[in-house]
Amino acid sequence: MKGKVLLVALLITLASVAGAATIKVAAVVPYTGGIASFGQMAWQGVEIAHEMKSSVLGYDVELVLIDNRSDKVEAANAVARAIDYEKVVGIIGEIASSHSLAGGAIAEKKGVPMISPTSTNPLVTQGKKFVNRACFIDPYQGAAMAEFAFKELGVRSVAVFTDIEQDYSVGLSAFFRASFKKLGGSAFNEFYRTGDQDFTAQLTDVLNKNPDAIYITGYYPEIALICRQARDLGYEGLFLTGDGSDAPELIEIGGEAVEGLYFTTHYHPDGTTTKIGQEFLKRFREKYGKDPSAFAALGFDAYMILLDAIERAGKPDPKKIAEEIRKTKDFEGASGIITIGPDGNAMKPVVIDTVKEGAFHYVTSIIPETL
Ligand code: PHE
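Since this is a predicted model, take the numbers as computed values, not measurements.

What counts and how
- Residues numbered from 1 in each chain as written.
- Predicted model: local features only at pLDDT ≥ 70, side-chain atom pairs only at ≥ 80, totals over all residues.
- Heavy atoms only, no water.
- Helix = DSSP H or I, 4+ residues; strand = E, 2+ residues; numbered from the N terminus.
- Expected span 1.5 Å × (residues − 1).
- Buried < 20%, exposed > 50% of the residue type's maximum accessible area, 1.4 Å probe, protein only.
- Contact = heavy atoms within 4.5 Å.
- Salt bridge = Lys/Arg side-chain N within 4 Å of Asp/Glu carboxyl O.
- Domains from an automatic or database assignment.
- Polar contact = N/O pair within 3.5 Å; in protein donor to acceptor, adjacent residues only side chain to side chain.
- Near = heavy atom within 4 Å.
- Nonpolar A, V, L, I, M, F, W, Y, C, P; charged D, E, K, R; others polar.
- Pairing = 2+ DSSP bridges.

(A) Here's a closer look at helix α6 (residues 167-182). With 16 residues, α6 should cover 22 Å at 1.5 Å per step; its first-to-last C-alpha distance of 23 Å lies within 8% of that length. Looking only at α6, the buried set comprises Tyr-168, Ser-169, Gly-171, Leu-172, Ser-173, Phe-176, Arg-177, Ser-179 and Phe-180. In this structure, the buried residues of α6 make contact with α4 (97-110), α5 (138-152), β7 (157-163), β8 (186-192) and β9 (213-216). After α6 finishes, the residue Gly-184 shows a positive phi value of roughly 110°.

Spelled out as structure tokens, the structure:
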């Protein structure tokens, strides 16, 4: 009897030492499956952010990782689980646009704010109050590559490869073409699907038409294969891509074939402009022994933006937090200075990287004009 009382007393003490009040935040990412690499990188960034800031308004922030397994249906289930079961006040996620579209519909219905680190398709936030992002959108990304290719690389004709299964790819291809044509360039289409292995038919057509560049808007597994097969078939032109290339696996799978490839992305350590960006870089290198990718930097930023909004909301009320997210102004993130508009989108420069000697190199940052 006496023992039991003691135990109860001890538990209470522990609870008060740890800080009784806790709020939960979820990161919903593809931690396994086809695009696991992107989800894991984003999670690493979120973890660093949580280490740096783990309490807000006197609450301890408990961070939960929920894996959407790189699957659209799971992407919706994962958000429902975060809200109904974990009772989170905000969600960082998701990563791929198609997943954020599926998960975002649930978050919107249930009235809990979401900040996607990297989903760039315009539809992700369109018509929504609770879904936001820490990155630019694809009309912007497509225009940036169109301008860079046309003005800096002298490219005049492009074969555009679209993964018709990915909202991200379909959108980005269309936006690129619109901007590239406005500049006076010409483009033609080639299509494929996620998981395809053989691109001989499309590449044979490309070789016949002989464009200056191939622009591929999908994700790294297919991008790497397309580049390899193109070189094997004798293609000598340029490769251009979007942020779907920003994973070390691009180089691991693509090898020599991806040397000289240019891609648009959100961040490169060498382009760091903020103090918090330096701090993030230092901590990331210490913890993981490598450089952070754009996905890590934006995972970090999405968490920090959410905490900042919670702070300004003054209480952990999801609706109030959602309103505050859209008032984020000149926020110092790892990826630069971030302002989120009333439409839930962030406005920031586009980074151009290239692959040189088996590594990603920072080329430049641009604010596109041909929108
Ligand atoms: N911008 C891409 C998207 O919206 C981000 C991404 C790239 C996600 C590659 C996963 C893999 O889908």
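(B) Here's a closer look at the pattern of salt bridges. Going through the model one piece at a time under the given rule, you end up with 16 salt bridges. Here Glu-324 and Arg-312 are joined by a salt bridge, their closest N and O atoms 2.9 Å apart. With a gap of twelve residues between them, Glu-324 in helix α12 (residues 318-325) and Arg-312 in helix α11 (residues 294-313) connect regions that are remote in the sequence. For Glu-324, a relative accessible area of 8% gives the class buried. The partner of Glu-324 in a salt bridge is Lys-320, and the shortest N-O contact between them spans 3.4 Å. On the criterion of helical spacing, the pair formed by Glu-324 and Lys-320 is a turn pair, its members being four residues apart in helix α12. The class of Lys-320 is partly exposed, set by a relative accessible area of 26%. Each of Asp-308, Arg-312, Lys-320, Glu-324 and Lys-327 takes part in a single network of salt bridges with overlapping partners.

(C) Fine view of the domain arrangement of the protein chain. Domain parsing of the protein chain yields domain 1 (9-136 + 272-340) and domain 2 (138-265 + 351-366). Using C-alpha coordinates to define each centre, domain 1 is positioned 29 Å away from domain 2. Across the boundary between the two partners, domain 1 contributes 18 residues, which contact 19 residues of domain 2. On inspection of domain 1 and its partner domain 2, the count reaches zero salt bridges. Joining domain 1 to domain 2, the criterion identifies five residue pairs in polar contact (both at pLDDT 80 or more).

(D) Region of interest: the site of the ligand. Taken together, the neighbourhood of the ligand is formed by 13 residues, with Ser-97, Thr-118, Thr-120, Tyr-219 and Asp-243 sitting nearest. In the model, an oxygen atom of the ligand is placed 2.7 Å from a nitrogen or oxygen of the Tyr-219 side chain. Contact distances for the ligand include 2.7 Å between a nitrogen atom and a side-chain N or O atom of Asp-243. The residue makeup of the shell around the ligand, split by class, is seven nonpolar, five polar and one charged.

(E) Structural detail: the pairing of strand β3 (residues 59-67). Relative to β3, strand β1 (residues 22-29) runs parallel, the two sharing eight bridges. Across the sheet, Ala-27 pairs through a bridge with Leu-65, a residue of β3. Bridging between strand β2 (residues 55-56) and β3 involves two bridges; their strand directions are antiparallel. Of the residues in β3, the one forming a bridge with Ser-55 is Asp-60. The antiparallel pairing of β2 with β3 creates a hairpin that spans two residues between the two strands, and Leu-57 there sits at a positive phi of about 50°.

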